[in-house]
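Fold and contact review
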Amino acid sequence: PTVTVLTATGTVDQVLAGYLEEGIQAAARDGADAVLIELNTPGGSLDATNKIVSTLLESPVPVIVWVAPAGGYAASAGTFITLASNVALMAPGTRIGAASPVGSGGEDIEGTLGDKVLSDAIASISSIAETRGRNVEWAASTVRDAKSSPASEAVAVGAVDGIAATFDEVIAAADGRVVTI
């Protein structure tokens, strides 16, 4: 199979959102069988996250997200992105979660605005998890309680599909899976 590989590291922003959208569109035009996003992020912009999630949910080709390398993470916005993939895999020694919304300086969002942002983020991540058949309660807890899990726990609770240490293991884990696009 032909797999287009896109690397997504660093902060989630509009540049990354555009890169992933264009990469997935190009993969579809080129007849790729799947897109593999290698993800390692501390999180970022909620607007960019929403754009990326829509891109993944509407992708005409299957999307695999691989949280890698070992020691890497899919924190905050990365949690939303990983859950939105058709196949979600993590390298050993990685982690996912801690997706509670915060202000641009990392501060808590207070008052009614904070309540609204939190409620919407819980609804969003729950909807994503439900759409992809992942653990909705775990997903909501990453926003509501800033829950974070190592790869082994994420697999055990049904947040992600498996652990893969290498590119070849990612392809082997995805091979033969039936997904909805």
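Above this text sits the structure in question.
My aim in this report is to walk through the structure given alongside it, one point at a time.

Conventions used here
- All residue numbers refer to position in the chain's written sequence, counted from 1.
- Per-residue local features of the predicted model are confined to residues with pLDDT of at least 70, and side-chain atom pairs are confined, for both listing and counting, to 80 or more; whole-chain, interface and lining totals are unaffected and use all residues.
- Side-chain calculation: all heavy atoms of the structure are included, whereas hydrogens and water are not.
- What makes a salt bridge here is a side-chain nitrogen of Lys or Arg within 4 Å of a carboxyl oxygen of Asp or Glu, nothing more.
- Burial here depends on accessible area, computed with a 1.4 Å probe over protein chains only, as a share of the maximum for the residue type. Under 20% is buried, over 50% is exposed, and the range in between is partly exposed.
- For two strands to be treated as a pair, DSSP must find at least two bridges joining them.
- Under the scheme used here, helices are H or I runs from DSSP no shorter than 4 residues and strands are E runs no shorter than 2 residues, and both carry numbers assigned from the N terminus.
- Given the number of residues in a helix, its expected span is that number minus one, multiplied by 1.5 Å.
- The directions from the helix axis to the C-beta atoms are what the arc is built from.
- Whether two residues are in contact is decided by their heavy atoms, any of which lying within 4.5 Å being enough.
- Here a polar contact is recorded for every N or O atom pair within 3.5 Å, except that within protein the pair must consist of a potential hydrogen donor and a potential acceptor, and residues adjacent in sequence are included only if both atoms are side-chain atoms.
- Fitted lines through C-alpha atoms serve as axes, helices being fitted only where they are in contact, and the angles separating the N-to-C directions of these axes extend from 0 to 180 degrees.
- Each angle receives one of four descriptions, namely roughly parallel if under 35 degrees, roughly antiparallel if over 145, roughly perpendicular if within 65 to 115, and oblique otherwise.
- By the convention adopted, Pro, Cys, Tyr, Trp, Phe, Met, Ile, Leu, Val and Ala count as nonpolar, Lys, Arg, Asp and Glu as charged, and the other residues, Gly among them, as polar.

**Thoughts on the pattern of salt bridges**
Going through the model one piece at a time under the given rule, you end up with five salt bridges. The partner of aspartate 145 in a salt bridge is arginine 144, and the shortest N-O contact between them spans 3.5 Å. The partly exposed category is assigned to arginine 144, whose relative accessible area is 37%. Salt-bridge contacts for lysine 147 lead to glutamate 153; the nearest nitrogen and oxygen are separated by 2.7 Å. For glutamate 153, a relative accessible area of 26% translates into the label partly exposed. Through salt bridges with shared partners, one network takes in Glu137, Arg144 and Asp145.

**Focus on the sheet that holds strand E5 (residues 87-90)**
Pairing in this open sheet of five strands is parallel, and the strands run E1-E2-E3-E5-E8 from one edge to the other. Every other strand in the sheet has two partners, leaving strand E1 (3-9) and strand E8 (162-163) as the edge strands with one partner each. Where E5 lies against E8, two bridges are found, and the strand directions are parallel. For methionine 90, the partnering residue across the bridge sits in E8 and is isoleucine 163.

**Some remarks on helix H2 (residues 46-57)**
The terminal C-alpha atoms of H2, which comprises 12 residues, lie 16 Å apart, in line with the 16 Å expected from a rise of 1.5 Å per residue. Within H2, burial applies to Ala48, Thr49, Ile52, Val53, Thr55 and Leu56. Down the axis of H2, the sector holding all buried residues measures 160°, keeping them to one side. Buried residues along H2 sit against helix H1 (14-29), strand E2 (34-40), strand E3 (63-67), helix H3 (77-83) and helix H4 (111-131). Regarding H2, its N-cap is serine 45, as a side-chain oxygen of that residue lies 3.2 Å from the backbone nitrogen of aspartate 47 further along.

**Description of the packing of H1 against H2**
In a packed pair of helices, the relevant descriptors are the angle between the two axes and the axis-to-axis distance. H2 packs onto H1 with a crossing angle of 10° between their chain directions and a minimal axis gap of 8 Å. Between H1 and H2, the angle falls in the class roughly parallel. Residue-level inspection shows Gln14, Leu16, Ala17, Gly18, Leu20, Glu21 and Ile24 of H1 in contact with H2, the latter providing Asp47, Ala48, Lys51, Ile52, Thr55 and Leu56. Along the lines of polarity and charge, the residues of the contact of H1 with H2 split into seven nonpolar, three polar and three charged.

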